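Descriptive structure summary
Here is what each chain is made of, one letter per residue.
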Amino acid sequence: MLSCVWLLALWLTGHTVAVVLYEQTERNCSLSPPYLPSTAVNTTLQLQELRELMRPLNISAYIIPGTDAHLSEYIAPRDARMAFMTGFTGSAGTAIVTPTKAALWTDSRYWVQAERQLDCNWELEKDVSIISIAEWLISEVSPGCEIGFDPFLFSLQTQENYNMNLESSNRSLKSIPVNQVDQVWTTRPPIPIDNISHLPDRVIQRSWQIKVEDIRNQMRNNPYEPTAVLLSALDETAWLFNLRGNDIPYNPFFYSYTLLTMDQIWLFVHTHRVSEELKVYLNASCEGPLCVQLKEYDTVRDNLKEYVAQPGVKVWIGTEYTNYALYEIITPEDKLLTSSYSPVLTTKAVKDETEQRILRDAHVRDAVAVIQLLMWLEKAVPQGKETELTASEYVNKCRRKQKDSRGPSFETISASGPNAALAHYSPSKETSRNLTVDEMYLVDSGGQYLDGTTDITRTVHWGTPTAMQKDAFTRVLMGNIEISRTIFPSGTRGVNMEMLGRRALWEVGLNYGHGTGHGVGNYFGVHEWPVGFQGNNIPFRSGMFTSIEPGYYKENDFGIRIEDVAVVVPVQTKYGHNYMTFDTVSLVPYDRKLIDTSLLSSEQLRWLNNYYETIRRLVGPELDKQKLHEEKDWMLKHTEPFSASGSSASVCSSSLTLIALTVTLLHNIN
């Protein structure tokens, strides 16, 4: 890092001297006075006010996580407490304030961003582990002192990890249910004024009453005899009552909790947002087992405490999404029943017939929007005027024109050249690059529709790809195909077939550092737990939707990802029953010039051609319906069947992999 504040570029043109000033983009706290770029935020005042609040609480440090009370992946602006205190707006991190110091922990994706946004009040710790945070706390906090935290922002696992790392050092956590950052954040955004709404009947198969009875039946059949289920994740309550909101960016959720017993339903929301029409929908004016009692959102802890105080009750919680503030008041232990996920999350994971049908329909319309983008880029990029940002804006515009569009499902990843090597990069005015025919381009985007949520990634090259780019792309595609076409017993865990997505890459010493897939919702979160290929995901069953997204990223050069959404469906086998496979519902062709068919097995090539036939059969009529004749011609051109000539005749990679996995699979089927 250069020590000077400004860099001067001088050049001579005839007798003219031109001077251009370039601002140093990262802070330099070693200078006197320190140098701060224009992107840094002055946090002196909020730190001073927070420290004043810490004194009467007798705490020697205060922990500020970057999450909300529902442990959500995406948070609302009013929950961005870490950003308010630090100036750092990355999506992952933890801040800690002591009477004399302040420090931020974040991962390598955000180190440069943090150096640009933090002022010199803050230390940057290039780690995210609780072990690292605990070691820092032990060095800064005296023995016998307490460390404050908001229990609403801690998961059970987070609290346990802090305790485990601090207990032997004679430092302890102090639960403070009133958030201290909120006390000094006078400009904190208010609760959105939008009313909560219910889904139209045309996208619903199960009424909320049917869903409630389903969950109660699961309670009755549970041998541990729970008397109540507590729902804390925002998508749990939204799914149970077929409701949607607008509180979280890209996610149609609203602030809520639910306590469901055998004869009562307590819905904790900001009641001023519940219209009279919605009260009728929820039977909110009556008392009975199918009448929803509306209670203020902020009273959930007090109401839960009252319920737990009754004799003979037992509350069932999912530990992955229940915050510590609610967990710590469910005492004694015999009043608590835990599972990783609540019965609502595991039930929601399997889509009913209507949900499957309409989610497929949404992907057909979404394919139209992505095809429009790719066709436009193919024509526009050679002209040299388009950027990562304009491409991102264009695909959003295309989706807005589609029926039942409700906006993007996440911030579009529109990345060219070296930016695409950053797996989670999204363009900004400062970082957006021009698109050229000489570089690869990766676009990972998705839409929210009233009938479904989409997520698709395509990687393209408008010029001549290098041999390595073509090889890597084909191997990523092989991984996608191998997972998509595999046949497995119902109840197989995704983690046990995840390596199918990597095998072709491993064979040449390549790999990728992110997960291979995640669940997808019906007008819900684009990352819908607990479905996917990670170790803490539940086993696959018919009706589950997941993304399949292997990739490869060459640092400072290019990135490749091929992502499709697929649904688990039954398949007929010669001898066995209850076997499954994946049916791909994303319907956009891959870049032909990046596919080396000589690497594909005959089975992989057959799958690819069948997939292209499916695109033609399903997307073609939709393009006709929307009178998009040029786009249809483009689609037909890019879905021409591949010739079998030159295709590898060797044993396919998946066959070898499946042999190696047989024992593992048999031991992991539930």
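Here's what I pulled together on the structure shown here. Just so you know, these numbers come straight off a predicted model, no measurement behind them.

Considering the state of the cysteines
- Using the criterion set out here, one finds two disulfides in the structure.
- Two residues share a disulfide in this structure: Cys29 and Cys120, whose sulfurs sit 2.0 Å from each other. Its torsion about the S-S bond being -95°, the disulfide of Cys29 and Cys120 is classed as left-handed. Placement of the pair is Cys29 in the loop between strand 2 (16-23) and helix 1 (44-57) and Cys120 in the loop between helix 3 (111-117) and strand 6 (123-125), with a sequence separation of 91 residues.
- A relative accessible area of 30% means that Cys120 is categorised as partly exposed.
- Through a disulfide, Cys286 is tied to Cys291; the S-S separation comes to 1.9 Å. Here the S-S torsion is close to -105°, and the disulfide linking Cys286 with Cys291 is therefore left-handed.
- Of the residues examined, Cys291 reaches a relative accessible area of 7% and is grouped as buried.
- When the bonded cysteines of the protein chain are counted from the start of the sequence, the pairing works out to 1-2, 3-4.

Details of the side chain of Gln372
- Summarising the element assignment, Gln372 is placed in helix 13 (residues 353-380).
- Overall, Gln372 belongs to the buried group, its relative accessible area being 10%.

Thoughts on the sheet that holds strand 16 (residues 336-339)
- One open sheet accounts for six strands, arranged 14-13-12-10-15-16; its pairing is mixed. The open sheet has two edge strands with one neighbour each: strand 14 (292-296) and strand 16. Averaged over neighbouring strand pairs, the angle between their axes works out to 20° when direction is ignored.
- By the bridge criterion, four bridges tie strand 15 (residues 315-318) to strand 16 in an arrangement that is parallel. Its bridge partner lying in strand 16, Val315 is registered against Leu336.
- Here helix 7 (residues 208-221) sits on the sheet and contacts strand 10 (228-231), strand 12 (257-261), strand 13 (265-269), strand 14 and strand 15; the angle it forms with strand 12, its principal contact strand, is near 60°.

Some details on the pattern of salt bridges
- Enumeration according to the criterion identifies 33 salt bridges in this entry.
- For the salt bridge of Arg485 with Glu482, the shortest nitrogen-to-oxygen distance reads 3.1 Å. Here Glu482 and Arg485 lie together in helix 15 (residues 467-485), a separation of three residues that amounts to about one turn.
- Looking at Arg485, the relative accessible area reads 24%, which means it is partly exposed.
- Exposure remark for Glu482: the relative accessible area of 2% places this residue in the buried category.

Re empty space enclosed by the protein
- In the structure shown here, the tally under the stated rule is six cavities of 30 Å³ or more.
- Looking at the largest cavity, its volume works out to about 130 Å³.
- What lines the largest cavity is a set of 16 residues, and nearest its centre among them are Leu199, Val203, Asn242, Arg244 and Glu355.

A short note on the layout of surface pockets
- In this structure, the second largest pocket spans a volume of roughly 500 Å³.
- Looking at the second largest pocket, it is lined by 23 residues, and the ones nearest its centre are Arg81, Phe152, Asp182, Tyr297 and Asp298.
- Within the residue set of the lining of the second largest pocket, elements represented by two or more residues are helix 6 (180-184) and helix 10 (300-308).
- The element contributing the most residues to the lining of the second largest pocket is helix 10, with three residues.
- Each residue belonging to the lining of the second largest pocket can be placed in one class, and the counts come to 10 nonpolar, three polar and 10 charged.

Brief notes about the nonpolar core
- Residues Leu377, Tyr441, Tyr590, Ile595, Leu608, Tyr612 and Val619 are the most contacted members of the largest nonpolar core, which totals 63 residues.
- By residue number, the principal contributor to this core is helix 13, which donates 12 residues.
- Apart from the residues lying within four places of it in its own chain, the contact partners of Ile595 are Lys470, Phe473, Thr474, Leu477, Tyr590, Leu600, Leu608, Tyr612 and Phe642.
- One finds Leu234, Ile248, Leu278 and Val308 within the second-largest nonpolar core, a separate group that totals 53 residues.

As for the sheet that holds strand 22 (residues 456-461)
- Overall, antiparallel pairing links the three strands, which are arranged 18-19-22 in an open sheet. Each of the sheet's edge strands pairs with one partner strand only, and the pair in question is strand 18 (413-416) and strand 22. Averaged over all neighbouring strand pairs, the angle between strand axes comes to 10°, with direction disregarded.
- Bridge count for strand 18 against strand 19 (residues 440-445) is four bridges, and the pairing is antiparallel. The residue bridging Ser414 from the neighbouring strand is Val443, located in strand 19.
- Together, strand 18, strand 19 and strand 22 form the strand contacts of helix 14 (residues 388-400), whose direction differs from that of strand 18 by roughly 145°.

Some words on the packing of aromatic side chains
- As enumerated under the stated definition, the model contains 26 aromatic pairs in all.
- Centre to centre, the rings of Trp266 and Tyr307 are 6.3 Å apart; their planes meet at 80°, and the pair counts as edge-to-face. In this pair, Trp266 is assigned in strand 13 and Tyr307 in helix 10, connecting sequence segments 41 residues apart.
- A relative accessible area of 11% places Trp266 in the buried class.
- Three or more aromatic residues joined by ring pairs form one cluster here, namely Phe149, Phe154, Tyr162, Tyr324 and Tyr327.

With respect to the pairing of strand 22
- Summarising burial for strand 22: six of the six residues are buried, a large majority.
- Burial of strand 22 is two-sided: the residues Ile456, Arg458 and Val460 facing one way and the residues Thr457, Thr459 and His461 facing the other way are all buried.
- Of the strand pairs in this sheet, strand 19 and strand 22 are connected by six bridges, and their pairing is antiparallel. Opposite Ser445, over in strand 22, you have Ile456 as the bridge partner.

A short note on the packing of helix 17 (residues 602-625) against helix 18 (residues 629-638)
- Contact geometry for helix 17 and helix 18: axes closest at 10 Å, N-to-C directions at 175°. One finds that helix 17 runs roughly antiparallel with respect to helix 18. Where helix 17 abuts helix 18, its residues Tyr612, Ile615, Arg616, Gly620, Leu623 and Asp624 lie against Glu631, Lys632, Met635, Leu636 and His638.
- In the contact of helix 17 with helix 18, the residues fall into five nonpolar, two polar and four charged.

The rules behind these values
Think of each chain on its own: its residues are numbered from 1, step by step along the sequence as written. In keeping with the predicted nature of the model, local features appear solely for residues at pLDDT of at least 70, side-chain atom pairs appear and are counted solely at 80 or more, and the whole-chain, interface and lining totals rest on all residues. Side-chain calculation: all heavy atoms of the structure are included, whereas hydrogens and water are not. In what follows, a disulfide is any cysteine sulfur pair within 2.5 Å. Numbered from the N terminus, helices here are DSSP runs of H or I no shorter than four residues, and strands are runs of E no shorter than two. Exposure categories follow from relative accessible area, calculated using a 1.4 Å probe and restricted to protein chains: below 20% of the type maximum is buried, above 50% is exposed, and the middle band is partly exposed. Whether two strands pair depends on DSSP finding at least two bridges between them. Whenever a helix is involved, its axis is fitted only over the stretch in contact; in every case the axis is a line through C-alpha atoms, and angles between N-to-C directions fall within 0 to 180 degrees. Every residue pair with non-hydrogen atoms within 4.5 Å of one another is taken to be in contact. Throughout this description, the term salt bridge denotes a Lys or Arg side-chain nitrogen within 4 Å of a carboxyl oxygen of Asp or Glu. Here a cavity is any set of points on a 1 Å grid over the protein atoms alone where a 1.4 Å probe fits but cannot get out, and a pocket is any open set with protein on both sides within 12 Å along at least 5 of 7 lines; a residue lines the site when it has an atom within 4 Å of a point. Grid points are joined across faces, edges and corners, and a volume is the space filled by probe spheres set on the points. Under the scheme applied, nonpolar residues are Ala, Val, Leu, Ile, Met, Phe, Trp, Tyr, Cys and Pro; charged residues are Asp, Glu, Lys and Arg; polar residues are all the others, including Gly. Only buried residues count toward a nonpolar core, which is a set of Ala, Val, Leu, Ile, Met, Phe, Trp, Tyr and Cys residues joined through side-chain atoms within 4.5 Å. Only rings of Phe, Tyr and Trp enter the pairing, Trp through its six-membered ring, and a pair is recorded when the two centres are within 6.5 Å. The plane angle decides the type: under 30 degrees is stacked, over 60 is edge-to-face, the rest tilted. Angle categories: roughly parallel below 35 degrees, roughly antiparallel above 145, roughly perpendicular from 65 to 115, and oblique for all the rest.

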